[in-house]
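An overview of the molecular structure
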Amino acid sequence: AEAAAEPIEFFQVEGVRYDASIPAPEDSFGYGLGDRPVRHDQMVSYLSDLAERSDRIEMEVSGYSHEGRPILFFTVSSPENHARIDTIREAHLASLDSGEPNDGPAVVWLNYGVHGAESAGMDAAIPTLYHFAAAEGPEIEAMLDDAVVLITAIFNPDGHSRRVNHVEM
């Protein structure tokens, strides 16, 4: 069967409103997710733009690949949690050391794109971060108040880039 691209609506959660001022992936890439591979430089550009537009997403470069590509790390939460992220981190680490639960937000880590030959990792990270940036309403606000989501969008950009080059050739 032939692969088919899907518009962002395919990935959106039913019943959730999305902020129209946040560009969808296809608006940035010029094609739908799944139509063809997203190059690492396109992903970096798009996800950096999401982080700049959203007060829910903080982005940092956690390192560089062997070939010099940035490895992007995102912290996603409510603006209020971002303002006290060091306190949340300390409480979380203390609860891990003591084995006692704390009342702070849940800490969740999503690590995408470990295996460069697997396209699904990076392709899934893109609509996930779009959702966190653009979703509106009380449910997403409550979720972001109750959680800190840590995301490595693509852990192996060199392997991914080799796969993209192979597919495009």
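Criteria and cut-off values
- Residues numbered from 1 in each chain as written.
- Predicted model: local features only at pLDDT ≥ 70, side-chain atom pairs only at ≥ 80, totals over all residues.
- Heavy atoms only, no water.
- Helix = DSSP H or I, 4+ residues; strand = E, 2+ residues; numbered from the N terminus.
- Buried < 20%, exposed > 50% of the residue type's maximum accessible area, 1.4 Å probe, protein only.
- Contact = heavy atoms within 4.5 Å.
- Core = buried A, V, L, I, M, F, W, Y, C linked by side-chain atoms within 4.5 Å.
- Salt bridge = Lys/Arg side-chain N within 4 Å of Asp/Glu carboxyl O.
- pLDDT = per-residue confidence, 0-100.
- Expected span 1.5 Å × (residues − 1).
- Pairing = 2+ DSSP bridges.
- Axes fitted to C-alpha atoms, helices over the stretch in contact; angles between N-to-C directions.

Attention now goes to the side chain of His-131. Relative to the assigned elements, His-131 resides in helix α5 (residues 120–134). For His-131, a relative accessible area of 19% puts it in the buried group. Setting aside chain neighbours within four positions, we find His-131 in contact with Val-13, Val-16, Tyr-18, Arg-56 and Ile-140.

Membership of the largest hydrophobic core comes to 35 residues, with the highest contact counts inside it found for Met-43, Phe-74, Val-76, Leu-129 and Tyr-130. Among the elements of the structure, α2 (40–53), β3 (70–76), α5, α6 (138–146) and β6 (147–152) are those that each provide at least two residues to this core.

Time to look at the pattern of salt bridges. As enumerated under the stated definition, the model contains five salt bridges in all. Ionic pairing is found between Arg-56 and Glu-141, a salt bridge with its closest N-O pair at 2.7 Å. Here Glu-141 lies in helix α6 and Arg-56 lies in the loop between α2 and β2 (57–64), a separation of 85 residues in the sequence. Here Glu-67 ties to Arg-69 by a salt bridge, and the two come within 2.5 Å at their closest N and O atoms. Through salt bridges with shared partners, a single ionic network connects Glu-67, Arg-69 and Asp-158.

Glancing now at the confidence of the model for the protein chain. Put simply, the protein chain has an average pLDDT of 88, and 93% of its residues get 70 or more. Mean pLDDT per element in the protein chain: helix α7 (residues 157–168) is the minimum at 77, and helix α3 (residues 79–83) is the maximum at 98.

We now examine α7. Between its first and last C-alpha atoms α7 spans 16 Å; for twelve residues at 1.5 Å apiece the expected length is 16 Å, and the two agree. Every buried residue of α7 is listed here: Pro-157, Asp-158, Gly-159, His-160, Ser-161, Arg-163 and Val-164. Residues of α7 that are buried sit in contact with α2, β3 and α5.

So, about the sheet that holds strand β4 (residues 106–111). Ordered in space as β2-β3-β6-β4, the four strands form an open sheet in which the pairing is mixed. Edge positions in the sheet fall to β2 and β4, since each of these pairs with one other strand and no more. Recorded for the sheet is a direction-independent mean angle of 20 degrees between the axes of neighbouring strands. Here seven bridges tie β2 to β3, and the two strands are oriented antiparallel to one another.

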